[in-house]
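# Structural description and commentary
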Amino acid sequence: MQFLPKPPTQKGREEWFTGDVYLDVIAKGEEPSRIRVNAVRFTPGARTAWHRHAVGQTLHVTDGLGLVQSRGEDVERMRAGDTVHTPAGEWHWHGADPEHHMTHLAMWESPGPDAGVPETEWGEHVTDEEYRADPQPG
Ligand code: MN
């Protein structure tokens, strides 16, 4: 066994996030492992842009109150203890509630070096109008 290095916390890139978001890489497998795990901390109001994952993604909320939405569906609340799966290729966003922090573990896989598609494909930012749509209880 080995203790892995702790890469510095990264600030979420402005083209991929709205507001202040901080990412810690927990696991990044080397082939043949394709595991990817990040701890992601969203400040109130912060969220991802619309995006999709080639092999899907599972989120596990460890702290706070968050929001999540898949394209064409309602905004839903998520909170500490919730685990939310997004299937491969489904456009979605996730982030903090407007008035609360939210931290989640984001778990996904690389599609592999020969797949010819990115792990994550990024789209438009989530507008304030989309973000402020009344969330359904999650
Ligand atoms: Mn995602």
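Report follows, based on the coordinates. (Residues numbered from 1 in each chain as written. Predicted model: local features only at pLDDT ≥ 70, side-chain atom pairs only at ≥ 80, totals over all residues. Heavy atoms only, no water.)

## Observations concerning the coordination of the manganese ion
As a benchmark, a tetrahedral metal site with four donors has ideal angles of 109.5 degrees, while an octahedral site with six donors has ideal angles of 90 or 180 degrees. Quick reminder of the rule: With water excluded from the atoms, a metal site may look incomplete; its donors are any N, O or S atoms within 2.8 Å, or within 3.2 Å for Na, K and Ca. Labels follow the DSSP assignment, with helices taken as runs of H or I lasting at least four residues and strands as runs of E lasting at least two, numbered in each case from the N terminus.
Each protein donor to the manganese ion is listed here as His51 (NE2), His53 (NE2), Gln57 (OE1), His92 (NE2) and His94 (NE2); together their distances run 2.1 to 2.2 Å. Taken in chain order, the donor set of the manganese ion reads H-x1-H-x3-Q-x34-H-x1-H. Of this pair, Gln57 sits in strand 7 (residues 57-70) while His92 sits in strand 10 (residues 92-96); the two residues are 35 residues apart in sequence, bridging distant segments of the chain.

## Some details on the pairing of strand 4 (residues 35-42)
Filter applied, for reference: Only protein chains enter the calculation, and the probe is 1.4 Å; a residue is then buried if its accessible area is under 20% of its type maximum, exposed if over 50%, and partly exposed in between. Strands are labelled as partners when DSSP assigns at least two bridges between them.
Of all eight residues in strand 4, six are buried, a share of seventy percent or more. Inspection of the sheet shows strand 3 (residues 21-28) paired to strand 4 by seven bridges, in the antiparallel sense. Bridging from a neighbouring strand, Ala27 pairs with Val37 of strand 4. Where strand 3 folds back onto strand 4 in an antiparallel hairpin, the turn is made up of six residues. Here eight bridges tie strand 4 to strand 11 (residues 102-109), and the two strands are oriented antiparallel to one another. Looking across to strand 11, one finds that Val37 is bridged to Met107.

## Overview of the packing of aromatic side chains
Note the following rule: Stacked, tilted and edge-to-face are the three classes assigned to paired rings of Phe, Tyr and Trp, where Trp is represented by its six-membered ring and a pair needs centres within 6.5 Å; plane angles under 30 degrees give stacked, over 60 edge-to-face, the rest tilted. Whether a charge sits over a ring comes down to the Lys NZ or Arg CZ being within 6 Å of the ring centre and within 35 degrees of the ring normal.
All told, the structure shown has four aromatic pairs when counted by the stated rule. A ring pair is formed by Trp16 and Trp122, whose centres lie 5.1 Å apart and whose planes are at 5°; its orientation type is stacked. With a gap of 106 residues between them, Trp16 in the loop between strand 1 (10-11) and strand 2 (17-18) and Trp122 in strand 12 (residues 120-122) connect regions that are remote in the sequence. Taking the relative accessible area as the measure of exposure, Trp16 reaches 28% and is therefore partly exposed. A relative accessible area of 25% means that Trp122 is categorised as partly exposed. Residues Phe17 and Trp122 carry aromatic rings whose centres are separated by 5.8 Å and whose planes lie at 55° to one another, so their mutual orientation is tilted. In this pair, Phe17 sits in strand 2 while Trp122 sits in strand 12, placing the two residues 105 residues apart along the sequence. Through a chain of ring-to-ring contacts, three or more aromatic side chains come together here, namely Trp16, Phe17, Phe42 and Trp122. Positioned over the ring face of Trp16 is Arg13, at 4.1 Å from the centre of the ring. Geometry around Tyr131 places Arg47 over its ring, the cationic atom sitting 4.3 Å from the centre.

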